[in-house]
Amino acid sequence: MKLTDSLTILYLPFALPDSADARQLPAQSPYWETQDNVKIDTDCLYPYVANFMSGEVPNADKAVIYRLTNKAEKFVNKKIYVMTTKSGRKFRFKFCFEKNNLNTFHIIIYPHCPIGVLVVGVEPADKDWTTAHMTEFNYHIHKIDSQQLLLELENERAAESLFGVGKKGICLLDLCRMLLTDEVWSKITLLEPKRMHPFSYIRLSEKDNTQEEFDSLLVRLASVQTENYQTNTNKNSRVEMFRNICLCSHSEGGVMAVVTPDGDALPFIKEYKSNKFVAEYLWIYTFVVMQYYAMIHLTNRMYGNINAIDIDRNLASLWKIKKYMFVNISRHMHINQFYNTIIKNTGLTALYKTLDENYNYMQGLNREKIAKRTNWLLTFLTFSQVIFAIFSFFSVNVEWRPVAMILLGVSWSIACLFILLWFVLPITYISTRMFRRG
């Protein structure tokens, strides 16, 4: 099959610090600005889903979306980059730059959990790319660990002016860090420190390839594998929304494929990438990806050093995420197939179930501790009442009254100190922490 059009979206998920102003962190960089009145093609979605995705919801449930400022255009707009593999193969590509569209650099802060994703769109600069080029390019570009490759600017003079004297280019992770600035970068934690999550779009001209070869291509792109790997074509990972349009989704990534007959494609198919994939499917996919990484973040927290406050807050976040894990999102079957296939193949539902069970178990343990502490308090108060009764009995005797009053005062002072340290201060601490985080 001949590759006639393609696009790759890369997601870099990160965790934010637990602070009230964490959602405003990207605004500290001169390269980002908030994007209000986001326009999403939501005609085919149920109103409550459309409202959530477009931000027409209360502030507590609203995501914060950032786009590049004009100052950042110099890094991505009309720039051709070259990535050279260790085998010597060169890939000429460019970053997408349609400022208000999601296929351009964006940051989205998820409302129900302190995480965000940096969205990066890349596409070929040449028209002679094959499906083999596409799979190998995605494999290398999504790596952000020690294996990541240098992205060189074709214009060396422009490279030096942007990245420094003697530098021909920059690694993708370093470019992300530069756009966020070191100050902001130091406050976030990458949830995927070695790989970015790719979601690709490909349009293919129909040829005499077998169904097995087509299935293998989809799996390679979704699981981000090169032809060096022998793929396992699991048909449960894909869904045909139409006879010529299908989705393949794995936990590592996803791909939407559009297959056209030989010759010129219909205008609807030619514009499918911009009119449907970018304007509609990409937002739905991003919505699920953010839920997935929110779950990953809560899982990391669950197995970390966690206290009673964190358990309660994380469980509250989990329930809010569940609130927007819709069964169906559209009156159209193919939209629901797209959405539910991603939900299933990322393991989102199973991940939620595991988290919910574990957090409820941990919350139950905390309740047991609170019950034991309450029993101790009741025992202490009962003991104090007995001591008070004894002191009252002795105080009837004039000779013992001064001693009784001193001992009574001491016992009540100890009781008040105990209540202060054992209950009042912990409750005040919890209330303060919750107020600050809320």
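Before going into details, it helps to say that this report is about the structure given with it. (Residues numbered from 1 in each chain as written. Predicted model: local features only at pLDDT ≥ 70, side-chain atom pairs only at ≥ 80, totals over all residues. Heavy atoms only, no water.)

Counted according to the given criterion, the structure contains 1 cavity of 30 Å³ or more. Its boundaries defined by the atoms lining it, the largest cavity holds a volume of some 30 Å³. Each residue belonging to the lining of the largest cavity can be placed in one class, and the counts come to 5 nonpolar, 2 polar and 1 charged. (1 Å grid on protein atoms, 1.4 Å probe; cavity = no way out; pocket = protein on both sides within 12 Å on 5 of 7 lines; lining within 4 Å. Points joined across faces, edges and corners; volume = space filled by probe spheres on them. Nonpolar A, V, L, I, M, F, W, Y, C, P; charged D, E, K, R; others polar.)

A few words now on the side chain of His-250. Within the secondary structure, His-250 is located in the loop between strand E13 (245–249) and strand E14 (254–260). Looking at His-250, the relative accessible area reads 15%, which means it is buried. If we ignore the near neighbours within four places in the chain, the residues touching His-250 are His-197, Val-219, Ala-222, Ser-223, Ser-237, Asn-345 and Thr-346. (Helix = DSSP H or I, 4+ residues; strand = E, 2+ residues; numbered from the N terminus. Buried < 20%, exposed > 50% of the residue type's maximum accessible area, 1.4 Å probe, protein only. Contact = heavy atoms within 4.5 Å.)

Its 13 residues place the ends of helix H11 (residues 333–345) 18 Å apart at the C-alpha level, agreeing with the 18 Å of an ideal helix rising 1.5 Å per residue. Buried within H11 we find His-334, Ile-335, Asn-336, Phe-338, Tyr-339, Thr-341, Ile-342, Ile-343 and Asn-345. The positive-phi residue at the C-terminal boundary of H11 is Gly-347, with phi of around 75°. (Expected span 1.5 Å × (residues − 1).)

Burial analysis of strand E3 (residues 64–68) places 4 of its 5 residues in the buried class, the great majority of the element. Bridging between strand E2 (residues 32–34) and E3 involves 3 bridges; their strand directions are antiparallel. Considered in E3, the bridge of Glu-33 is made with Arg-67. Here E3 runs beside strand E6 (residues 106–109); their pairing, made up of 4 bridges, is antiparallel. Bridged to Ile-65 within E6 is Ile-108. (Pairing = 2+ DSSP bridges.)

Once that is clear, we can look at the packing of helix H9 (residues 272–302) against H11. Where H9 meets H11, the axes come as close as 10 Å, and the angle between the chain directions of the two elements is 30°. Of the possible angle classes, the one that applies to H9 and H11 is roughly parallel. You can see that H9 and H11 cross each other, and the crossing is right-handed. On H11, the residues touching Glu-280, Tyr-281, Ile-284, Tyr-285, Phe-287, Val-288 and Gln-291 of H9 are His-334, Ile-335, Phe-338, Tyr-339, Ile-342 and Ile-343. A per-class count over the contact of H9 with H11 returns 10 nonpolar, 2 polar and 1 charged. (Axes fitted to C-alpha atoms, helices over the stretch in contact; angles between N-to-C directions. Parallel < 35°, antiparallel > 145°, perpendicular 65-115°, else oblique. Left-handed = near helix turned anticlockwise from the far one by under 90°.)

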